[in-house]
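# Survey of secondary and tertiary structure
The chain contents come next:
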Amino acid sequence: MKQLLLFFFFSFSLLSSQTLKKIKIADAETGKAISNARIILAGQIYYSNDDGYTSLPKDAKQFEVSVSGYETLNTSAISDLVKLKPLYKVIAEIKIVSIDIKKIFKEVYKNYSDKYYDKPATYDITFWQKSFENNQMKLLMVADGQYWTRDGNFHGKEAFHKKFDNFVQMQIDNLRYLKSEKRDFDIKVKPQKGYNEFIGNLFFNYELHRIISLSNQRKAVTSARVLYEDENHQEISFKVKTDVNLIYTGTIIYNKLDRVITHYQMNFEQKNHEPREYRDETGEIYKFQYPDGIFTFDFYKNGEKYVPSRTSINYAGSKYMQGDRSFEYQSSREIIYKKFKPSDANGLKNPVEINEPFWTNMKVSDDKGFVDLSEEEQNFLNEKKDEN
């Protein structure tokens, strides 16, 4: 069976403003905004938005700013602009060498529970969901809540029997923002199966198993090289090309001392693959073009083990075609794990269905909490509906 990543169409702290300072994270050489830069401050996690902005407590003391491709910055001085120095130009004379990435993936997967937190845990989270139809934003949902895992692992047997709540739950405490516009899409697609993958994409051990399986395919070609190395870390780029001409490229940050992956980004290319034909609920044929996308996982050390700080999934270029109609979609889902705390095995009080658009019947809170919207997101919220 061809290895195509499933796309799901429904794809899909509380500090007062007086105590916060808005800062911008930017490239020290070009001045370009840096999105998804992580700030760790007193055990609290923050990320810069698509425009490079985030808000921190004005009285913040000693925090760390990090993102792939840049020097990690440890500072106690909060300024309006935080500049990060690129790594690669600094080490231009270092020879780029090949490395056995399959060996690293397999070792990390084998020792997963020894390195990553494997007991019940609850996280304070911010959950983002966005989707676009033909390059027009159609959905923005931002919510704060709690996320619980039994041991930080995906469990295939329980997932097969749809017992997801046994090992992962999410609770929404405040729906901060929600705007959903009607789509033009009118193809009567049959309900999709594959919730295992939708839930699985939340877990790094699931992703490791997938990339190892891809690299083990009969005609797969795998390569990797070290882009940067210091005493403790390696930044490694990798590429897996399978026997069906699908390409998976990515970057990891590997902690050599702890033998653990702290950052993983995998880009997959599927848009050049031939569209597949399906029949809708009326029996008519339509074609579906699988998308390109990016999976990202970030971790940081808390005590003796590593816990997640962010997971995100971005799809672009999925297309439904029937007759002269064509609908192209992109979507993103992101969870920022703002605060970690050990928990118990009882789970959460009011879990939602993670694999469903749970926000449909929820009331939007007047309290907007600690959320830094991008300019694009703010414009979408402020945009008036066409009443014609």
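Residues numbered from 1 in each chain as written. Predicted model: local features only at pLDDT ≥ 70, side-chain atom pairs only at ≥ 80, totals over all residues. Heavy atoms only, no water.

## Comments concerning the confidence of the model for the protein
Convention followed: What pLDDT reports is the predictor's confidence in each residue, on a scale of 0 through 100. Two residues form a contact once any of their heavy atoms are found within 4.5 Å.
Per-residue pLDDT for the protein has a mean of 89; in total, 91% of the residues score no lower than 70. Between residues 6–18, whose pLDDT stays under 50, and residues either more than four places distant or in other chains, the model counts 53 contacts.

## Topic: the packing of aromatic side chains
Note the threshold: We call Phe, Tyr and Trp rings a pair once their centres come within 6.5 Å, taking the six-membered ring for Trp, and we label the pair stacked below 30 degrees between planes, edge-to-face above 60, and tilted otherwise. The rule is short: NZ of Lys or CZ of Arg within 6 Å of the ring centre and within 35 degrees of the ring normal puts a charge over the ring.
Following the criterion strictly, the structure yields 35 aromatic pairs and no others. Three or more aromatic residues joined by ring pairs form one cluster here, namely Phe 105, Tyr 112, Tyr 116, Phe 204, Phe 238, Tyr 264, Phe 297, Phe 299 and Tyr 306. The ring of Phe 380 has Lys 179 sitting right over it, with the charged end atom 4.6 Å from the ring centre.

## Section: empty space enclosed by the protein
Definition in use: Here a cavity denotes grid points, spaced 1 Å and computed from the protein atoms alone, that fit a 1.4 Å probe unable to get out, and a pocket denotes an open set having protein on both sides within 12 Å along at least 5 of 7 lines; residues with an atom within 4 Å of a point are the lining. Grid points are joined across faces, edges and corners, and a volume is the space filled by probe spheres set on the points. A run of DSSP states H or I qualifies as a helix once it reaches four residues; a run of E qualifies as a strand once it reaches two. Both are numbered from the N-terminal end. Amino acids outside the nonpolar list (Ala, Val, Leu, Ile, Met, Phe, Trp, Tyr, Cys, Pro) and the charged list (Asp, Glu, Lys, Arg) are all regarded as polar, and Gly is one of them.
Space inside the largest cavity adds up to approximately 160 Å³. Around the largest cavity, the lining comprises 19 residues; the ones closest to its centre are Tyr 112, Gly 152, Phe 203, Phe 299 and Pro 308. For the lining of the largest cavity, the element with the highest residue contribution is strand β19 (residues 305–322), accounting for three residues. Partitioned by chemical class, the residues of the lining of the largest cavity number 14 nonpolar, three polar and two charged.

## Comments concerning the pairing of strand β10 (residues 136–149)
Note the threshold: Partly exposed describes any residue whose relative accessible area lies between the buried limit of under 20% and the exposed limit of over 50%, with all areas from a 1.4 Å probe on protein chains only and scaled to the type maximum. Strand pairing requires that DSSP identify at least two bridges connecting the strands.
Burial within β10 is extensive, with 13 of its 14 residues counted as buried. In this structure, strand β9 (residues 121–133) lies alongside β10, joined through 13 bridges in antiparallel fashion. Its bridge partner being in β10, Glu 133 is matched across the sheet by Gln 136. What sits between β9 and β10 in their antiparallel hairpin is a turn of two residues, with Asn 134 showing a positive phi close to 45°. With 11 bridges connecting them, β10 and strand β11 (residues 168–180) associate as antiparallel partners. Bridge assignment links Met 141 to a residue of β11, and that residue is Leu 178.

## Some remarks on the nonpolar core
Here is a general trend for soluble globular proteins: nonpolar side chains tend to be buried in one another's company. Cut-off, in case you're wondering: Joining through side-chain atoms within 4.5 Å is the link that ties buried Ala, Val, Leu, Ile, Met, Phe, Trp, Tyr and Cys residues into a set, and such a set is a nonpolar core.
One finds Tyr 147, Met 170, Ile 199 and Phe 203 to be the most contacted residues of the largest nonpolar core, which totals 44 residues. Every element with two or more residues in this core is listed here: β3 (44–47), β9, β10, β11, α4 (195–200) and β20 (325–342). Here the element with the most residues in this core is β10; it accounts for seven residues. With near-sequence residues (within four places) excluded, Tyr 147 lies in contact with Ala 121, Thr 122, Tyr 123, Ile 125, Val 168, Gln 169, Met 170, Leu 202, Phe 203, Ile 335, Tyr 337 and Leu 348. One finds Ile 101, Phe 238, Tyr 254 and Met 266 within the second-largest nonpolar core, a separate group that totals 31 residues.

## Quick notes on the side chain of Glu 158
Mapped onto the fold, Glu 158 is located in helix α3 (residues 156–160). For Glu 158, a relative accessible area of 19% puts it in the buried group. Ignoring sequence-local partners within four residues, the contact set of Glu 158 consists of Arg 150, Lys 163, Phe 164, Asn 166 and Phe 167.

## Here we look at unusual backbone geometry
Its identity is not glycine, yet Asn 134 carries a phi of approximately 45°, on the positive side. Following the sequence through the fold, Asn 134 ends up in the loop between β9 and β10. A positive phi is found at Arg 259, a non-glycine position, where the angle reads about 55°. Assignment of secondary structure puts Arg 259 in the loop between β14 (247–255) and β15 (260–269).

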